[in-house]
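# What the coordinates show
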Amino acid sequence: MLTHGPIQSALRHEGGLTRRLFLAQAAAIAALPAFAAARPGPVGRPAFDTDPFRLGVASGDPSEDGMVLWTRLCPRPLEPDHGMPQEAVAVRWEIAENESMSRGVRRGTTLATPQLAHSVHVEVTGLRPGRTYWYRFHAGGATSPVGRTRTLPPRESLPAKLRFAFASCQHLEHGHFTAYRHMAAQDPDFVVHLGDYIYEGPGKEGQVRRHTGPEKGRLQTLRDYRIRHSQYRSDPDLQAMHARCPWWVTWDDHEFDNNYANTVPDNKDTDPATFLIRRAAAYQAYYEAMPLRSSCIPAGPDLRLYRGMAFGRLAEFQILDTRQYRTDQPNGDGPKPLNAAALDPANSLLGREQRNWLDSRLIASQGRWNVIAQQVMMGMVARVPKADGAERTYSMDQWPGAAHERMALARFWQDRRVPNPVVLTGDIHSNWVNDLRVDDRIGDSPVVATEFVGTSISSGGKGGLAEAELGKLQAENPCVRFFSRERGYVLCTVTPEQWRSDYLAAEDVTQPNGPVVLRRSFVVESGKAGAIKA
Ligand code: FE
Ligand code: CA
């Protein structure tokens, strides 16, 4: 493994991280572990002594005429070299109209290279819109499982129905991914993952399962992050869900580092150069592990993940990245009053470029429903005060930490008459339904959007309904319609007239194969923001 010593000393020599030096080094950081380690020469044709497709297959980011098909040659997921030679390997792929693969429509060969951990990202084109397809890969005499995927409906059509699931926060040590087994049986059109796909902490004793990797401290190197992704993707329920339908993924903090803000670490003692090199490693491992398009290939510590898509004219989705470009949390990360520091217009979770992109996407949208898929809670929810008369506090890691930007977004949706804004959120390991106003503290102002916060797949372990807590939260906050601390996911059924969110609850993720039940359902009628209990 190469070290980044020269980069670090150069950065120190310049007296810190200047933009010029940062840009000069960014490409080098990405290239270092990759090209220097690769042996030139012919393409390898390894005869695998164990299945190279142990991480399964996946598809993602569908368009009207294609999608990304993903796999990774990884015969030994938890070993440092993953059981692969330091050379490129030819991988054949095929996509067909039927599950037995007899009616093939496209095929090709691509190279899995050690620079990208022998991951394969095939961007298929030329397929028909709104159709289901099946795909598989071949390498070194081995054949992958067959995955199923689907193109988006025609851009100008108005589909009668969309059914999709969204999920977040799957701490492997805290529980089983039971929710995905239930989700697979529901057969959604696609999955939206809102982040905390992996967690970066060390292995701990006494958990349901145990992280491999560093015994102490968080993941640091590209190798660390790759092995962690391999461990998570070895989970059979997660793997099966990826093979079932396309996914739209975005990240939150734990794919890299808890509560980070752009280049600002959680641990303020961290050397900034070390932190950026680590960010490059985390981002590269994320790209390698996910069915993402080549537009998401990282350049050093930068990876553009925010993007949009249209499900015909029924719904447009804007998928955001509220980590990479945000300003540091004001007042520290914890619950704090909405004071001048929190309301400072300079605070941002989106950064100027992403904010402009989002506004222009929403202005141009033809969607009946306008979905903002993102990470942290938008509802400006005051915590239950510890004592009578205590000052109200809000999470500074969530949108209240950028309260000015948060209120400007909602005002934009209201002023521009953006049709039916619906916000999807993860991060906090609890379910919430919130009616969003421009300023949620003013209960008699109009509701402009509806927020569905989905709980964790497993993070937090066995949860509960927390009905008493819901009552206290509602007494303080006019926006809160539902809250629970159960594990699970949310299934959404969208028609031109109505949005329905079903909250599915896994009863005990600390036990394998536990039951999943429908806990609550809420609907939103088109043209009328705010959730109605179904
Ligand atoms: Fe989380
Ligand atoms: Ca998080």
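Definitions and cut-offs
Residues numbered from 1 in each chain as written. Chains lettered and ligands numbered in written order. Predicted model: local features only at pLDDT ≥ 70, side-chain atom pairs only at ≥ 80, totals over all residues. Heavy atoms only, no water. Buried < 20%, exposed > 50% of the residue type's maximum accessible area, 1.4 Å probe, protein only. Helix = DSSP H or I, 4+ residues; strand = E, 2+ residues; numbered from the N terminus. Pairing = 2+ DSSP bridges. Polar contact = N/O pair within 3.5 Å; in protein donor to acceptor, adjacent residues only side chain to side chain. Contact = heavy atoms within 4.5 Å. pLDDT = per-residue confidence, 0-100. Axes fitted to C-alpha atoms, helices over the stretch in contact; angles between N-to-C directions. Left-handed = near helix turned anticlockwise from the far one by under 90°. Nonpolar A, V, L, I, M, F, W, Y, C, P; charged D, E, K, R; others polar. Donors = N, O, S within 2.8 Å, 3.2 Å for Na, K, Ca; no water. Tetrahedral: all angles 85-135°; square planar, octahedral: opposite > 155°, others 65-115°. Phe/Tyr/Trp six-rings, centres within 6.5 Å; stacked < 30°, edge-to-face > 60°. Lys NZ or Arg CZ within 6 Å of the ring centre and 35° of its normal.

### Description of the pairing of strand S8 (residues 147–150)
By the alternation rule, side chains of S8 split into Gly 147 and Thr 149, which are all buried, and Arg 148 and Arg 150, of which none is buried. When strand S6 (residues 132–139) meets S8, the two strands line up antiparallel, connected through four bridges. The residue bridging Thr 132 from the neighbouring strand is Arg 150, located in S8.

### Observations regarding the side chain of Gln 324
Counting through the fold element by element, Gln 324 comes out in the loop between strand S13 (315–319) and strand S14 (335–336). Taking relative accessible area as the criterion, Gln 324 reaches 2% and is therefore assigned buried. Among the polar contacts made by the side chain of Gln 324, one reaches the main-chain carbonyl oxygen of Leu 303 at a distance of 2.5 Å. Within polar-contact distance, the side chain of Gln 324 engages the side chain of Asp 321 at 2.9 Å. The residues touching Gln 324, leaving out its near neighbours within four places in the chain, are Trp 251, Tyr 260, Asn 262, Arg 279, Tyr 283, Pro 301, Asp 302 and Leu 303.

### A word on the confidence of the model for the protein chain
Per-residue confidence for the protein chain gives a mean pLDDT of 92; residues scoring 70 or more make up 92%. Segment residues 1–24: pLDDT under 50, and 28 contacts once partners within four positions in sequence are set aside and those in other chains are kept. Below a pLDDT of 50 lies the segment residues 26–40, which in the model reaches 25 contacts outside its immediate sequence neighbourhood of four places, other chains included.

### Quick word on the pairing of strand S5 (residues 119–124)
If a strand is regular, its side chains alternate between the two faces of the sheet. Across the six residues of S5, five count as buried, placing the element largely inside the fold. Across six bridges, strand S2 (residues 67–72) lies against S5 in antiparallel orientation. Across the sheet, residue Trp 70 finds its bridge partner in S5, namely His 121.

### Overview of the packing of helix H4 (residues 222–233) against helix H6 (residues 272–289)
For the pair H4 and H6, interaxial distance at closest approach is 8 Å and the crossing angle is 35°. Pair H4 / H6 crosses with right-handed handedness. Along the contact surface, H4 presents Leu 222, Tyr 225, Arg 226, His 229 and Arg 233, while H6 presents Arg 278, Ala 281, Ala 282, Gln 284, Ala 285, Tyr 286, Glu 288 and Ala 289. Partitioned by chemical class, the residues of the contact of H4 with H6 number seven nonpolar, two polar and four charged.

### Some points on the coordination of the iron ion (ligand 1)
With distances of 2.0 to 2.5 Å, the protein atoms coordinating the iron ion (ligand 1) are Cys 169 (SG), Asp 196 (OD), Tyr 199 (OH) and His 429 (NE2). One way to put it: the four donor atoms around the iron ion (ligand 1) meet at angles of 86 to 167°, and that makes the site irregular. All donor residues of the iron ion (ligand 1) come from one chain, and their arrangement in sequence is C-x26-D-x2-Y-x229-H. Separating the iron ion (ligand 1) from the calcium ion (ligand 2) is a gap of 3.8 Å, which Asp 196 spans by donating to each of them. A residue pair is termed long-range when its members are at least 10 positions apart, and Cys 169 in the loop between strand S9 (162–167) and helix H3 (178–186) and Asp 196 in the loop between strand S10 (190–193) and H4 qualify at 27 residues.

### Describing the environment of Pro 77
With respect to the element layout, Pro 77 can be found in the loop between S2 and strand S3 (89–96). Classification of Pro 77 as buried rests on a relative accessible area of 5%. In this structure the C-alpha to C-alpha distance between Pro 77 and Tyr 232, which are 155 residues apart in sequence, comes to 9.7 Å. In this view, Pro 77 contacts Arg 54, Leu 55, His 82, Ile 227, Ser 230 and Ser 234; residues no more than four positions away in its chain are not counted.

### A closer look at the packing of aromatic side chains
For the coordinates displayed, the defined rule picks out 22 aromatic pairs. Ring centres 4.6 Å apart and planes at 65° place the aromatic pair Trp 432 and Phe 483 in the edge-to-face group. In this pair, Trp 432 sits in strand S18 (residues 431–437) while Phe 483 sits in strand S20 (residues 480–484), placing the two residues 51 residues apart along the sequence. You can call Phe 483 buried: its relative accessible area is 1%. When the ring of Phe 482 is compared with that of Phe 522, the centres are 5.7 Å apart and the planes differ by 35°; the resulting orientation is tilted. Taken together, the residues Phe 482 in strand S20 and Phe 522 in strand S23 (residues 516–525) connect sequence positions 40 residues apart. No difference in accessibility class separates Phe 482 from Phe 522, as the two residues are buried. Chaining the aromatic ring pairs together yields one cluster made of Phe 164, Phe 190, Phe 311, Phe 317, Trp 369, Phe 452 and Trp 499. Of note, Arg 209 hangs over the ring of Phe 177, and the distance from its end group to the ring centre comes to 4.7 Å. In this arrangement the basic side chain of Arg 233 is found over the ring face of Trp 70, its NZ or CZ atom lying 4.6 Å from the centre.

### A short note on the sheet that holds strand S15 (residues 369–373)
On the basis of which strands lie adjacent, the open sheet formed by seven strands has the order S12-S13-S15-S17-S19-S18-S20 and mixed pairing. Of all the strands in the sheet, the pair left with one neighbour each is strand S12 (307–311) and S20. Each neighbouring strand pair of the sheet contributes to a mean axis angle of 20°, computed without reference to strand direction. Both S15 and strand S17 (residues 421–425) contribute to a ladder of four bridges, which runs parallel. Paired with Val 371 across the strands is Val 422, a residue of S17. Contacts from helix H8 (residues 351–364) reach S12, S13 and S15 within the one sheet, and its direction differs from that of S13 by about 180°.

### A short note on unusual backbone geometry
Even without being glycine, Cys 169 reaches a positive phi, approximately 55°. A relative accessible area of 0% places Cys 169 in the buried class.

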